[in-house]
Amino acid sequence: MAMNAQSKFVSRDALSEFLAELSARFRVWAPRREGMEGAGAVMYRPFDQAAGVELDKKPTESAKRVLFPPAEALFRFRRETDGGLSLESPPDPGPTLIFGLPPCDARGFLIFDPVYAGSGTAGRAQDTYYLRRRSKTVLIARACSRVLSTCFCHWVGGGPAGSEGADVLALEADDGFVLEAVTPAGAELLEGKALRPAGDKAVKAAEQSRASAQKNMLPAPGISEAPEALRRRFDDAPFWRDEAAHCLSCGACTYLCPTCYCFNMTDEGAGTSGIRLRSWDACMAPLFTLEASGHNPRPDKAARLKNRIGHKFSYYPSLHGQRFACVGCGRCIKSCPSGVDIRRVVTDALGRETASAGAVPGKEKRHA
Ligand code: SF4
Ligand code: SF4
């Protein structure tokens with residue numbers, strides 16, 4: 001995405017004012033640091049001028065919570081005195097803007113979209129709750145000027161300054177950000193008193209930050225053969241036992257993942273009224289596939305890891321245009337308490353001789 005005459009600049013000092021201006025038109029969400037200094041987490045929260053915005057540390061969680069809340073009431077129900085049943089829909093959340101998400105999080109919504117739009121498999125239903133939010137949401141992504149050792153967005157078609165999925169891309173430039181419109185909806189956001197045209201100096205600095213992030217990425221091994229390699233590994237029980245040996249089945253990898261979209265539904269009621277709740281669920285949890293009969297088709301962690309990796313790098317691509325259901329954000333690697341590294345599982349499945357061991361930091365150590 002090249003910068004153009006319409007690119008704008010916002011200084012760090014004016015950022016709050018810019019977001020406050022946008023708050024008049026949108027429900028604005030932005031990353032915010034929470035918890036103790038040095039030990040806290042960066043979470044997406046409704047923008048609050050007093051609390052500020054955290055843009056120097058990668059968000060601990062993904063932005064999916066804005067469009068796919070961890071728990072939401074799908075409707076309320078009540079049995080009326082005449083015996084009828086009344087249903088009440090949740091209020092429309094209205095226009096929404098997510099500011100400051102990394103490019104991998106913006107791409108993450110492109111994984112959700114076909115699933116909740118019901119494409120890929122005949123007869124699939126559309127998820128109106130997700131689609132309604134999605135159609136009213138715009139994304140201002142913030143290019144990563146630093147990359148972590150766990151980042152591998154470039155393995156799966158992305159990049160630290162990628163704009164796919166975003167409406168505006170913000171690139172760090174000196175004491176602020178150059179804002180590039182990616183879509184017409186994004187161009188409409190680049191108005192307001194807090195912004196000024198991006199001058200030559202800011203544009204040059206933004207191009208440097210774009211280039212330096214890309215330069216810091218380690219070489220990516222080609223993984224286009226992963227779908228077929230994982231299909232070949234399907235019945236290789238020793239392989240999956242070995243890969244899953246250290247997994248604790250905690251589910252952190254799925255809850256933090258920007259592309260994991262599974263949920264559970266429960267009815268919670270008291271007397272003659274209640275709510276139907278949708279809550280995140282995790283395929284890494286032992287009860288995820290437990291059937292009422294007591295049978296569990298994925299009875300152990302090896303079967304669950306096989307499903308998780310197979311889904312992201314084989315089954316999903318075969319349904320949705322060969323796009324991997326992983327954007328390489330690295331959260332599952334960074335937050336796994338036992339060091340399970342999805343990059344290693346994929347490269348192991350491809351065959352160690354074809355994997356680029358140097359591209360997986362610590363790869364050689366974990367089996368020690
Ligand atoms: S975060 Fe690690 S230990 Fe927890 S379920 Fe995922 S792979 Fe297993
Ligand atoms: S699988 Fe891991 S690296 Fe891939 S998108 Fe999910 S959390 Fe990020």
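Residues numbered from 1 in each chain as written. Chains lettered and ligands numbered in written order. Predicted model: local features only at pLDDT ≥ 70, side-chain atom pairs only at ≥ 80, totals over all residues. Heavy atoms only, no water.

### Examining the pattern of salt bridges
Selection criterion: For this document, the term salt bridge refers to a Lys or Arg side-chain nitrogen within 4 Å of an Asp or Glu carboxyl oxygen. Only DSSP runs of H or I reaching four residues or more are called helices, and only runs of E reaching two or more are called strands; each is numbered from the N terminus. For the exposure calls, accessible area comes from a 1.4 Å probe over protein chains only, and a residue counts as buried if that area is under 20% of its type's maximum, exposed if over 50%, partly exposed in between.
Going through the model one piece at a time under the given rule, you end up with 26 salt bridges. As a salt-bridge pair, R323 and E164 come within 2.7 Å of each other at their nearest N and O atoms. Of this pair, R323 sits in the loop between α10 (301-319) and α11 (331-334) while E164 sits in the loop between β7 (137-142) and β8 (168-173), placing them 159 residues apart in sequence. What makes E164 partly exposed here is its relative accessible area of 34%. Between R210 and E207 there is a salt bridge whose closest N-O contact spans 3.0 Å. Here E207 and R210 lie together in helix α6 (residues 200-215), a separation of three residues that amounts to about one turn.

### Observations regarding the pairing of strand β9 (residues 176-181)
Heads up, the rule is: For two strands to pair, DSSP has to find at least two bridges joining them.
The element β9 is extensively covered by neighbouring structure, given that six of its six residues are classed as buried. Inspection of the sheet shows β8 paired to β9 by six bridges, in the antiparallel sense. Paired with L169 across the two strands is E180, which belongs to β9. A loop of two residues connects β8 with β9, the two strands running antiparallel in sequence, and D174 in this loop sits at a positive phi of about 55 degrees.

### Some points on the sheet that holds strand β10 (residues 196-197)
To summarise the sheet geometry, strands pair through backbone hydrogen bonds and adopt either a parallel or an antiparallel arrangement. Which entries qualify depends on this criterion: Contacts were defined at the residue level, with two residues in contact if any of their heavy atoms lie within 4.5 Å. Think of each axis as a best-fit line through the C-alpha atoms, taken over the contacting stretch in the case of a helix, with angles from 0 to 180 degrees between the N-to-C directions.
The mixed open sheet is built from eight strands, whose spatial order is β3-β2-β6-β7-β8-β9-β1-β10. If you trace the sheet from one side to the other, it starts and ends with β3 (41-46) and β10, each paired once. Docked against the sheet, helix α3 (residues 103-116) engages β3, β6 (96-101) and β7, running at close to 140 degrees with respect to β6.

### A few points about the site of ligand 1
Spelled out, the test is: One heavy atom suffices: a residue is near a molecule or strand as soon as one of its heavy atoms comes within 4 Å of it. Under the scheme applied here, ten amino acids are nonpolar (Ala, Val, Leu, Ile, Met, Phe, Trp, Tyr, Cys and Pro), four are charged (Asp, Glu, Lys and Arg), and all others, including Gly, are polar.
Taken together, C247, L248, S249, C250, G251, A252, C253, M284, C336, P337, S338 and V340 make up the full set of residues adjacent to ligand 1. Of the residues assigned to the shell around ligand 1, the class counts are nine nonpolar, three polar and no charged.

### Overview of the side chain of H320
In this structure, H320 sits in the loop between α10 and α11. H320 gets classed as buried once you look at its relative accessible area, which sits at 11%. Contact partners of H320, with chain neighbours within four places excluded, come to P114, V115, S119 and G120.

### Some points on the domain arrangement of the protein chain
Here is the rule we go by: Note that domain bounds follow an automatic or database assignment of domains. Buried area adds together the accessible area that both of two parts lose upon being put together, with accessible area traced by a 1.4 Å probe.
Assigned domains of the protein chain: these are domain 1 (8-215) and domain 2 (226-359). Of note, the centres of domain 1 and domain 2, computed from C-alpha atoms alone, are 24 Å apart. In this assembly, 45 residues from domain 1 lie in contact with 41 residues from domain 2. When domain 1 packs against domain 2, close to 3,800 Å² is buried across both sides, 62% of that on carbon and sulfur atoms. For the domain 1 face of the interface with domain 2, the top three residues by lost area are F77, I111 and W155, together amounting to 18%. Counting across the domain 1 and domain 2 interface gives four salt bridges. Looking at the side of domain 1 that touches domain 2, the elements that each hand over two or more residues are α2 (64-67), β4 (71-79), α3 and α4 (128-135).

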